[in-house]
Each structure stands twice: as structure tokens, then as C-alpha cells.
Amino acid sequence: MYTTELGKTGPTPNEREDPALVAAFEARVAADEFIEPKDWMPEAYRKTLVRQISQHAHSEIVGMLPEGNWLTRAPSLRRKTILFAKIQDEAGHGLYLYCAAETLGTSRQEMIEALHSGKAKYSTIFNYPTLTWADMGAIGWLVDGAAIMNQVPLQRTSYGPYARAMVRVCKEESFHQRQGYEIMMAMMAGTAKQQAMAQDALNRWWWPSLMMFGPPDDNSPNTERSMRWRIKRDTNDDLRQKFVDATVPQAELIGLKVPDDDLVWNEAKAGYDFGAIEWDEFYAVVRGEGAVAKERLLARRKAWDDGAWVREAADAHEAKRQARQAA
Ligand code: FAQ
């Protein structure tokens, strides 16, 4: 049994589980075989997956909100159609992920209720406000960039349905990252005011993007076991380092300055050293104290309520179809 920083207890391996089954499961995972829905798996593996996949799904769904906010204010038709396509992709990602979690025996209804009641977590990054159009560039470039860094290795996660969902998700995220970077490039090639907007967006999104990778490894209660079970293929700190190393040169190329005075290239480790992350801020946002956390949940609940007629219509259509088939 462990207790997280947030005072929550995690799943404990079930002592009554057959050691032979556990050993066979561990051997399959160690041999890089995929575990499929009908295969035997330890209860703690199932719970960890439901936790991670449902949090991931919620992040995709809540993640549509900060960008949806700018659809009506995109500066051109081209920008509007691209942003619209991107947001639709995020909805699709949420749906694949809910489906993957459902294969583990949790219903979508349960997961949605957990999100709407505030019980479920979703990525801290979506509790920050989007103040200017440049934030659309920063989100695509940094937030989708961080998401890809985390999700490319998840294509080899040990649970088959999760790994397969990640293949298409990663292809789409890479388009998202490029569209965000292209917005930043356009702004940095623009007027002094546009350049200042782009820099301001980077200043506000840089540190929250580094927090997306989760707490430092020595304070990450789930990492060790998730790595052993190959649910996670890299640790939080390793992915964060890779993200910094990939992103700093992109910023410099277009004349942006990463807002970190301690950022310095370290020849010996062939990577950047970077400044301390404000972990108190991270934990506060995880606890639901983010700047727009309440607004995000209200928007989700409203969308759910407003969509009730669509769900009812779909049910009625299905009932008619079944009646026709029976006749
Ligand atoms: N936010 O022991 P660890 C996207 C929690 S998708 C909130 O290290 P773990 C697409 C964690 O749940 C972005 N909570 O946990 C997009 C745990 O709490 P619990 C989402 C966080 O699971 C782009 C506790 O802290 N991506 O952006 C966060 O081993 C643009 C201890 O942490 C994924 O979900 C956080 N940032 O590692 C959409 C990827 N970090 O549950 C729209 C899949 C940690 O024990 C627009 N997930 N916590 O009570 C993962 O890879 C992992 O779950 C981590 C966390 C790395 C996020």
C-alpha cells in the first residue's frame, strides 16, 4: 500500500492472487508481449491502467476547452479550420481512450461521472487560461509537443488496446505540434507586438508544460511499478529532459527566449540543465486549485447536459433499429 503526495492510497497487489499466474504474467510482460483484455492480469495492473487511461481520456476531452475558446476568434478562415480539425482530433483521442479503458471492465458512464463529480484527475495543463491567440501556438507547440514525447513510447505500452490507440493518436499529435509551431513562427516573423505576444505565451506555458510529465521520479509513487509492468516505458524525469532538449533549439531558431535563467547546455550529459520547477504549484493544480479549474468542470457538465438530446435520439434510433430487425 502506498500513499501519494495528495494523500490518496494506491492499489495494493492482491496477496490472494495465484503466484503462478502472477509469475506467468510478469514473464509475458518482460518478453514484451502485449496483454489483451481477456488475458489474466493482476488486479493492481488493471487498476493502474484504468487510472492512467481514464485520466488520459479526460485530459483529451477537457483539453478541447482552452482551444475551443478561440474558435470564434481565430484570425483567419485557414486558422479557424485547422484549429477546428485539431479540436475534433482531441475528441477522437478521448473516445479511443475511453474504449480502451472500457475493455478493462469500467463503463464509460462511471468514468464520465468521476470526471464530472471532480473525483477524477486530468492533466494540470488544462487548468491554465488561454489569454491571447498566441496561446493557440504555444499549446500546439508545447502541450502537444509534451504529449507526443510522452505518448510515442506508449505505443509500446504492455496493454494492447492502449498501445494500439496510441498509434493514430501520435500521428495526429504530430500534426498538432507542427500547426502550433507554425503559428509561433508566423508570429515571430510578424510585428513587434506579435513577437511580444508569442514570447508572453511561451513565458506562461513553459513551466506548466514541464509539469505535464508528472512529479519528479523520487516523488512519483506509480513510476517504479508501472515501469516494471511496462505500462510506462520512460520515467517522468527522463521524458521531461527529452522534451527540454528537443524544444529549446526550436525556441531559439525562431528568436524566442525560454523563460529560465538557469537553462544551460551540459556537454557531459549531452542535454540541458534547467531551473527548479515550482512543485507546490503543480500539487495545488492537481488538487483542483488551478486558475480555471472550476470553469473547466462547469463547461464539461454543461456540454454533457446540453448533449442529452443527442444521446436520447441515438438510443431511440437504436431501439427502432432493433425492433425492425426483430420484425
Ligand atoms: N496532471 O506517480 P505519478 C494531451 C498525478 S494528453 C494531473 O508520476 P503516473 C493531449 C498522477 O495521476 C495529456 N495529475 O503518476 C492534448 C498521480 O495521482 P494518482 C495527458 C498528474 O500515472 C493536447 C500522482 O500525480 N497525458 O495533452 C499529473 O505514473 C492539447 C502521482 O504521479 C497523459 O495522460 C499531471 N500532469 O504518471 C489535448 C499520458 N502528473 O492517480 C488537448 C498518459 C501526475 O495516483 C490539447 N499518462 N499526476 O492519484 C501518463 O503517462 C502518466 O499518467 C503521467 C503520470 C506521466 C501523466
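Below or above, wherever it landed, is the structure these notes cover. Please read these numbers as outputs of a predicted model, since none were measured by experiment.

Rules and cut-offs
Residues numbered from 1 in each chain as written. Predicted model: local features only at pLDDT ≥ 70, side-chain atom pairs only at ≥ 80, totals over all residues. Heavy atoms only, no water. Helix = DSSP H or I, 4+ residues; strand = E, 2+ residues; numbered from the N terminus. Rg over C-alpha atoms; globule rule 2.2 N^0.38 Å. Buried < 20%, exposed > 50% of the residue type's maximum accessible area, 1.4 Å probe, protein only. Contact = heavy atoms within 4.5 Å. Core = buried A, V, L, I, M, F, W, Y, C linked by side-chain atoms within 4.5 Å. 1 Å grid on protein atoms, 1.4 Å probe; cavity = no way out; pocket = protein on both sides within 12 Å on 5 of 7 lines; lining within 4 Å. Points joined across faces, edges and corners; volume = space filled by probe spheres on them. Nonpolar A, V, L, I, M, F, W, Y, C, P; charged D, E, K, R; others polar.

**A short note on the overall build of the protein chain**
Move 1: Tallying secondary structure elements over the protein chain gives 13 helices and two strands in all.
Move 2: In terms of C-alpha radius of gyration, the protein chain reaches 21 Å, essentially the compact-globule figure of 20 Å for 327 residues.
Move 3: Projected onto the principal axes, the alpha-carbon positions of the protein chain cover approximately 65 × 60 × 35 Å.
Move 4: In the protein chain, buried positions account for 49% of the 327 residues.

**Focus on the side chain of Asn127**
Move 1: Topologically, Asn127 is positioned in the loop between helix 5 (108-116) and helix 6 (134-154).
Move 2: The buried category is assigned to Asn127, whose relative accessible area is 3%.
Move 3: Not counting residues within four places of it along the chain, the set of residues in contact with Asn127 comprises Tyr122, Val285, Gly290, Ala291, Val292, Ala293 and Arg296.

**Thoughts on the environment of Gln52**
Move 1: Tracing the chain through its elements places Gln52 in helix 2 (residues 43-62).
Move 2: Between the alpha carbons of Gln52 and Tyr122 there is a distance of 9.6 Å; along the sequence they are 70 residues apart.
Move 3: If we ignore the near neighbours within four places in the chain, the residues touching Gln52 are Leu154, Tyr162, Ile231 and Lys232.

**A few points about the nonpolar core**
Move 1: The biggest cluster of nonpolar side chains holds 77 residues, and the ones touching the most others in it are Tyr45, Ile53, Tyr159, Trp205, Trp206 and Leu256.
Move 2: No other element matches helix 6, which puts nine residues into this core.
Move 3: If sequence neighbours within four positions are ignored, Ile53 has contacts with Leu97, Ala100, Ala101, Leu104, Tyr159 and Tyr162.

**A short note on empty space enclosed by the protein**
Empty space among the atoms can be located by rolling a probe the size of a water molecule over them.
Move 1: A full pass over the atoms with the stated rule returns one cavity of 30 Å³ or more.
Move 2: Taken as a whole, the largest cavity encloses approximately 40 Å³ of empty space.
Move 3: Counting only elements with at least two residues in the lining of the largest cavity, the list comes to helix 4 (77-102) and helix 7 (160-188).
Move 4: Here the lining of the largest cavity is composed, by residue class, of four nonpolar, one polar and two charged.

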